[in-house]
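# Geometric and topological summary
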Amino acid sequence: MPVPPDPVLRAAVRWLERLPASGVTRVRSLFTTHSEFSDITPTQYDAAYTWIREMGLLDEPHRGAPVHCRVFGVAMAHSGVPWFQDADLLIRRPDELPEDALRAAEALGLVQEEAYAQISAMWGKVDTEKRSQIGSAGELALVELLSETAEGRVEHVAAWSDGYGYDIYVDAYQHSAHLEVKATVRVERLTVYISRNEYETMLRDPAWELVAVRLTPDLQLAAVAVVPKEWIARHVSSDRTSRGRWESCRLDVPPEVPVPGIPSIAPILGQSAPDLLRGVSVP
């Protein structure tokens, strides 16, 4: 859905400002009969009401960020503009805002700094929700595949607790693997977030592996690779003093770094194990 036209954005703000005190019928009547609101047509008011309902803005509590900020943030996050999914990389300062964002901000009376702050907040919210959904799907897909093909016991320990420092436990004979799974649907960009607990588990546990899983848009397993522990250790944050401690670190992994498949579990893979576990991606 594209960014709504300027009048529809302004009409959306008017709806959200007045609906808490009056019903839809009364507010619509106000917009269509009072000269103060005649700068926007009845059709545009109707389009704005449909839009805020579809975007879930009518379900949000009537508190927190001002309505014009919420309208702007939702318009950017759900517009399908190609830059939004990479906003963390493409927009580092207010003066780097794209033209469509600047146009919408001006229509809603936001200055550049306000628009930048709202985009950052919405990107973080959307990114967190997507990562959670994709992460869970990646873990489950890998658990299922390993359960079918690994000659041993496979346990999805993250389903019990996040305190282990890894997500999947694989044990066969005297061979074990502790797999921390990071999933993505992106083909050319791998960004992972590693917690302090996961990192410290990596340092003390020789069976720990960070497994990057790529899913198709419909969340089917497409590729599996391991990010070497040595590379992780070189690029995580460091505590500069005893009074500061990092708890989560974001890593942008170059495409040449991951090693295809999961080499550490090769000895316990059955003959039916697919090529992607052995290092060959599905087209």
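Relevant structure appears above.
Quick caveat: nothing in here was measured; it's all calculated off a predicted structure.

This part takes up the overall build of the protein chain. If you tally the helices and strands in the protein chain, you get 10 helices and 8 strands. Against the compact-globule benchmark of 19 Å for 283 residues, the protein chain has a radius of gyration of 24 Å, which places it well outside the compact range. In terms of its C-alpha atoms, the protein chain occupies a principal-axis envelope of roughly 80 × 45 × 35 Å. Looking at the 283 residues of the protein chain, the share that counts as buried comes to 46%. Considering only contacts within the protein chain whose residues lie at least 6 apart along the sequence, 63% involve residues at least 24 apart.

A few words on the sheet that holds strand 2 (residues 168-172). The 6 strands lie next to each other as 1-2-3-5-6-8, forming an open sheet whose pairing is mixed. In the strand order of this sheet, the two ends are held by strand 1 (153-155) and strand 8 (259-260), each with one partner. As paired strands, strand 5 (residues 208-215) and strand 6 (residues 221-227) are joined by 6 bridges and run antiparallel to one another. Bridged to valine 211 within strand 6 is valine 226.

Formed by 44 residues in total, the largest nonpolar core has its most connected members in Trp51, Phe72, Met76 and Phe84. Contributions of two or more residues to this core are made by helix 1 (6-18), helix 2 (24-33), helix 3 (42-54), helix 4 (67-77), helix 6 (99-108) and helix 7 (112-149). For this core, the leading source of residues is helix 4, giving 8 residues. Phenylalanine 84 has contacts with Met76, Ala77, Ile119, Met122, Trp123 and Val126, leaving out every residue within four places of it along the chain. One finds Ile134, Leu146, Leu215 and Val224 within the second-largest nonpolar core, a separate group that totals 29 residues.

Taken as a whole, this structure holds 8 aromatic pairs when the rule is applied. Here the aromatic rings of tryptophan 15 and phenylalanine 31 are separated by 5.1 Å at their centres, their planes lie at 90°, and the arrangement is edge-to-face. Taken together, the positions of tryptophan 15 in helix 1 and phenylalanine 31 in helix 2 put the pair 16 residues apart, joining distant regions of the chain. Comparing tryptophan 15 with phenylalanine 31 shows no difference in burial state: the two are buried. Through a chain of ring-to-ring contacts, three or more aromatic side chains come together here, namely Trp15, Phe31, Phe37, Tyr45 and Tyr49. Stacked on the ring of tyrosine 49, the Lys or Arg arginine 28 has its end atom at 5.8 Å from the ring centre.

This next bit is on the pairing of strand 5. The side chains of a regular strand alternate, first on one face of the sheet and then on the other. Most of strand 5 sits inside the fold, with 7 of its 8 residues counted as buried. Bridge analysis of strand 3 (residues 175-184) against strand 5 gives 7 bridges, and the strand direction is parallel. Bridge assignment links threonine 184 to a residue of strand 5, and that residue is arginine 214. The hairpin formed by strand 5 and strand 6 contains 5 residues between the paired strands, and leucine 219 there has a positive phi angle of roughly 65°.

What follows is about helix 3. The terminal C-alpha atoms of helix 3, which comprises 13 residues, lie 18 Å apart, in line with the 18 Å expected from a rise of 1.5 Å per residue. Packed against the buried residues of helix 3 are helix 1, helix 2 and helix 4. Remark: glycine 56 follows helix 3 within two positions and exhibits a positive phi of approximately 80°.

Looking now at the environment of phenylalanine 37. Secondary-structure assignment places phenylalanine 37 in the loop between helix 2 and helix 3. Counting along the chain gives 12 residues from phenylalanine 37 to threonine 25, while the straight-line C-alpha distance between them is 15 Å. Each residue touching phenylalanine 37, except ones within four places of it in the same chain, is listed here: Arg14, Arg18, Leu30, Phe31 and Tyr45.

Moving on: unusual backbone geometry. Of note, the phi angle at leucine 219 is positive, near 65°, even though the residue is not glycine. Structurally, the position occupied by leucine 219 is in the loop between strand 5 and strand 6. Judged by relative accessible area, leucine 219 falls into the partly exposed class, the value being 27%.

Let us look at the side chain of glutamate 209. The topology assignment puts glutamate 209 in strand 5. At 3.2 Å, the side chain of glutamate 209 forms a polar contact with the side chain of serine 264. What glutamate 209 contacts, discounting residues up to four positions off in sequence, is His178, Leu179, Glu180, Val226 and Ser264.

It is the contact of helix 4 with helix 7, at a shortest axis distance of 9 Å, that shows an interaxial angle of 55°. Between helix 4 and helix 7, the crossing angle belongs to the class labelled oblique. For helix 4 against helix 7, the interelement crossing comes out right-handed. Listed contacts from helix 7 to Cys69, Arg70, Phe72, Gly73, Val74, Met76 and Ala77 of helix 4 are Ala115, Gln118, Ile119, Met122 and Val126.

Rules behind the numbers
- Residues numbered from 1 in each chain as written.
- Predicted model: local features only at pLDDT ≥ 70, side-chain atom pairs only at ≥ 80, totals over all residues.
- Heavy atoms only, no water.
- Helix = DSSP H or I, 4+ residues; strand = E, 2+ residues; numbered from the N terminus.
- Rg over C-alpha atoms; globule rule 2.2 N^0.38 Å.
- Buried < 20%, exposed > 50% of the residue type's maximum accessible area, 1.4 Å probe, protein only.
- Contact = heavy atoms within 4.5 Å.
- Pairing = 2+ DSSP bridges.
- Core = buried A, V, L, I, M, F, W, Y, C linked by side-chain atoms within 4.5 Å.
- Phe/Tyr/Trp six-rings, centres within 6.5 Å; stacked < 30°, edge-to-face > 60°.
- Lys NZ or Arg CZ within 6 Å of the ring centre and 35° of its normal.
- Expected span 1.5 Å × (residues − 1).
- Polar contact = N/O pair within 3.5 Å; in protein donor to acceptor, adjacent residues only side chain to side chain.
- Axes fitted to C-alpha atoms, helices over the stretch in contact; angles between N-to-C directions.
- Parallel < 35°, antiparallel > 145°, perpendicular 65-115°, else oblique.
- Left-handed = near helix turned anticlockwise from the far one by under 90°.

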